[in-house]
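Residue-level structure breakdown
Letter by letter, the chains look like this.
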Number of protein chains: 2
Amino acid sequence: MLPVLVVHGGAGHIPKERAELSCGGVMEAVRGGYSILRAGGSAMDAVVEAVTLLEDNPAYNAGRGSVLNVKGEVEMDALVMDGRTLGSGAVSAVRRVKNPVQLARLVMEKTNHLCLTAEGASQFARAMGMEEVPEESLITDYARMRWRKNLAPGANPVECQMGKMGTVGAVAVDVEGNIACATSTGGMLNQMAGRVGDTPCVGCGGYADNKVGAVSPTGHGEAIMKVTLSRLILFHMEQGKSAEEASDLALAYMRERVGGLGGVVVVDPQGNWAARFSSLQMAWAAARQGQLHYGLYTGEHFTEPLEKPSQ
Amino acid sequence: MLPVLVVHGGAGHIPKERAELSCGGVMEAVRGGYSILRAGGSAMDAVVEAVTLLEDNPAYNAGRGSVLNVKGEVEMDALVMDGRTLGSGAVSAVRRVKNPVQLARLVMEKTNHLCLTAEGASQFARAMGMEEVPEESLITDYARMRWRKNLAPGANPVECQMGKMGTVGAVAVDVEGNIACATSTGGMLNQMAGRVGDTPCVGCGGYADNKVGAVSPTGHGEAIMKVTLSRLILFHMEQGKSAEEASDLALAYMRERVGGLGGVVVVDPQGNWAARFSSLQMAWAAARQGQLHYGLYTGEHFTEPLEKPSQ
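Numbering of residues starts from 1 in every chain and runs along the sequence as written. Chain labels run from A onward and ligand labels from 1 onward, assigned in the order the entries are written. It should be noted that, the model being predicted, local features are given only for residues of pLDDT at least 70 and side-chain atom pairs only at 80 or more, the latter also being counted only at that level, while totals for whole chains, interfaces and linings use all residues. Note that the side-chain values use all heavy atoms of the structure and ignore hydrogens as well as water.

1. Side note on the sheet that holds strand 6 (residues 179-185) of chain A
Residues and elements named next belong to chain A. Note the threshold: Here a strand pair is declared whenever DSSP counts at least two bridges between the two strands. Put simply, DSSP H or I for four residues or longer makes a helix, DSSP E for two residues or longer makes a strand, and each gets a number counted from the N terminus. Axes here mean lines fitted to C-alpha atoms, for a helix over just the part in contact, with angles spanning 0 to 180 degrees between N-to-C directions.
In space, the nine strands of this open sheet follow the order 4-3-2-6-5-1-11-12-13, with mixed pairing throughout. On the outer flanks of this sheet lie strand 4 (115-117) and strand 13 (302-305), each paired with one strand and no other. The sheet shows a mean angle of 10° between the axes of neighbouring strands, taken without regard to direction. As paired strands, strand 1 (residues 4-12) and strand 5 (residues 168-173) are joined by five bridges and run antiparallel to one another. Bridge pairing links Val-6 to Val-171 in strand 5.

Given below as structure tokens:
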């Protein structure tokens, strides 16, 4: 059942007019990442490729399309983790970088640290020869419109809830059985400057262990951190639960204990996978054994051959 | 057996001439924090008081006395967590703040975020009216000497190992059964600017849950993150292990799986406590039922009445 790749484009409340964009993007990302796996590439290469495609897609709250903080700036967080070594790399509150997930991977591979933040992360990006992009190139009209709306006195709380959607992520197992995860986000709409959410926090914003599986979550970052959602799901799997059971248990616990909604994509070493969420929607897609799976609302699970171009 | 408070002054290799300083400081910190608990104060107040005392003590790698990063600057991380709500507060790579642990607590109490980083954390400190202190006031001659030594070509790796010592932390249960943890660090000697270690990462640098217990770790931050050490210990306790068994299991796992050394202080809801480490030393002290417990080397466990002034 290997290789397998599962991606998400964020849990939350996705406006109707953006639903198609959200679904199309995760399908494209899973196709891109899976082609690497099918050619014998590594799980790490595949998750970074999938998340890069989602960062470049303005429909998601990561890379280009990120939500703006209270000052109207884009500050992004990203994490990758390698299940073979348990090594990870992360960046938090990084600015003017096109693909934070690629910078996170460089932190893992080129430093003896696991996380770099803010200006230190930017300095490292420059030292690695990574191009600094103008902040404007990351900001969409949609992001700016929502930022303005939320700054207005008496802003609609539904808009604020929408602000929590759109973190992107991926989990994969390659043909050699190596497992990886990647997560990337622009954070929370109108967040304070310097706010760091769950994404760059190992065990919260992702975890990968070749012996157990991998998780990439999305949803209310503060709730995810309170229950260390990713590691919690893998603990349940270590206790014998399936990827799906473990996800449902942990999401139910997060809802009951701290009132948080979210979603996850999960794989285990055998190539079993799950895409589960307690939010209204989560755009997700999975690829395995020539089949593309995808959905947006609870209970939705469409399947089509990977080879056939998506409708 | 309530209340109880356990503190540590860092795991690692503590030079002989500093051993007495290290032990004296944790005993003083535990006395300070425990006096709050005995007067009916909260676990959160007690751990913040104990860690504040350790931050103010130049013998530890936190607050004043922090190690310097590669540029000769002090960048500090801190975390607090409240086991009643699972709420936490953290700061990462914050500069010119006397007591990062107090700023972390303000993040928890005064924002709807859990972590602020770098300049954003400094802005928040100013908004809260927290005094900005000159960087020089945080730097000891000893820290500067070690920084210079480690920058020298062919620097001694023993010195580098020493660079990992000295993170401080505390865990407590108050008379009402509320549980809290706090951890604070100057990071790793000669770290890159913007490096964030395990400390501000929930589940790695600490975790507290009224239903299970609390952990504050110290040691090699990157190894602690790889195994999400704090949450791992609490998972073992949820499975029925004692605080001591859970600590030993998790520290052995960290050593075997990722080659990392460290130490922890742990409490459970009944007031049982543990101070365990795989490093050569860890300065620790605990207070419960009128007794002060302390030690530095493996197997050391001294006891004296809390009322009697320490020798």
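2. Some remarks on the interface of chain A and chain B
Applied cut-off: In what follows, residue pairs with any heavy atoms lying within 4.5 Å of each other are defined as contacts. What counts as buried area is the accessible surface, traced by a 1.4 Å probe, that two parts surrender upon association, with contributions from both included. A pairing counts as a salt bridge when a side-chain nitrogen of Lys or Arg comes within 4 Å of a carboxyl oxygen of Asp or Glu. In protein, a polar contact means a hydrogen-donor-capable atom and an acceptor-capable atom, both N or O and within 3.5 Å, with residues adjacent in sequence counting only if both atoms are side-chain atoms; elsewhere, any N or O pair within 3.5 Å suffices. Three residue categories are used. Nonpolar comprises Ala, Val, Leu, Ile, Met, Phe, Trp, Tyr, Cys and Pro, charged comprises Asp, Glu, Lys and Arg, and polar comprises the others, including Gly.
Contacts between chain A and chain B engage 47 residues on the former and 47 residues on the latter. In this assembly, chain A packs against chain B so that about 3500 Å² is buried in total across both faces, 63% of it on carbon and sulfur atoms. Taken as a group, His-113, Lys-226 and Arg-257 of chain A account for 17% of the area that chain A buries against chain B, more than any other trio of residues on that side. Here Asp-209 of chain B ties to Arg-257 of chain A by a salt bridge, and the two come within 2.7 Å at their closest N and O atoms. Between chain A and chain B we count 14 residue pairs in polar contact (both at pLDDT 80 or more) in total. For the side of chain A that touches chain B, the secondary structure elements donating two or more residues are strand 3 (87-94), strand 4, helix 4 (118-127), strand 7 (207-209), helix 7 (221-226), helix 8 (229-238) and helix 9 (243-258) of chain A. Ranked by the residues each element gives to the side of chain A that touches chain B, the list is headed by helix 4 of chain A, at four residues. Residue composition of the side of chain A that touches chain B, grouped by class: 22 nonpolar, 16 polar and nine charged.

3. What about the pairing of strand 12 (residues 291-297) of chain B?
All names here are of chain B. Let me state the cut-off plainly: Note on classification: 1.4 Å probe, protein chains only; a residue is buried when its accessible area is under 20% of the maximum for its type, exposed when over 50%, partly exposed between these limits.
Most of strand 12 sits inside the fold, with five of its seven residues counted as buried. Note that strand 11 (residues 281-288) and strand 12 share six bridges and pair antiparallel. In the sheet register, Ala-285 faces strand 12, and the bridge partner there is Tyr-294. In sequence, strand 11 turns back onto strand 12 through a hairpin of two residues, with Gln-289 there showing a positive phi of about 50°. Direction of pairing for strand 12 relative to strand 13 (residues 302-305): antiparallel, over a ladder of four bridges.

4. Considerations on the packing of aromatic side chains
What counts, and what does not: The pairing test for Phe, Tyr and Trp rings, Trp by its six-membered ring, is centres within 6.5 Å, and the orientation test on the planes gives stacked under 30 degrees, edge-to-face over 60, and tilted for anything in between. A ring is considered to have a charge above it if a Lys NZ or an Arg CZ atom is located within 6 Å of its centre and within 35 degrees of its normal.
Enumeration according to the criterion identifies five aromatic pairs over all chains in this entry. Ring centres 5.3 Å apart and planes at 35° place the aromatic pair Tyr-294 of chain B and Phe-302 of chain B in the tilted group. Exposure remark for Tyr-294 of chain B: the relative accessible area of 17% places this residue in the buried category. We note Arg-231 of chain A situated over the ring of Tyr-207 of chain A; from NZ or CZ to the ring centre the distance is 4.9 Å.

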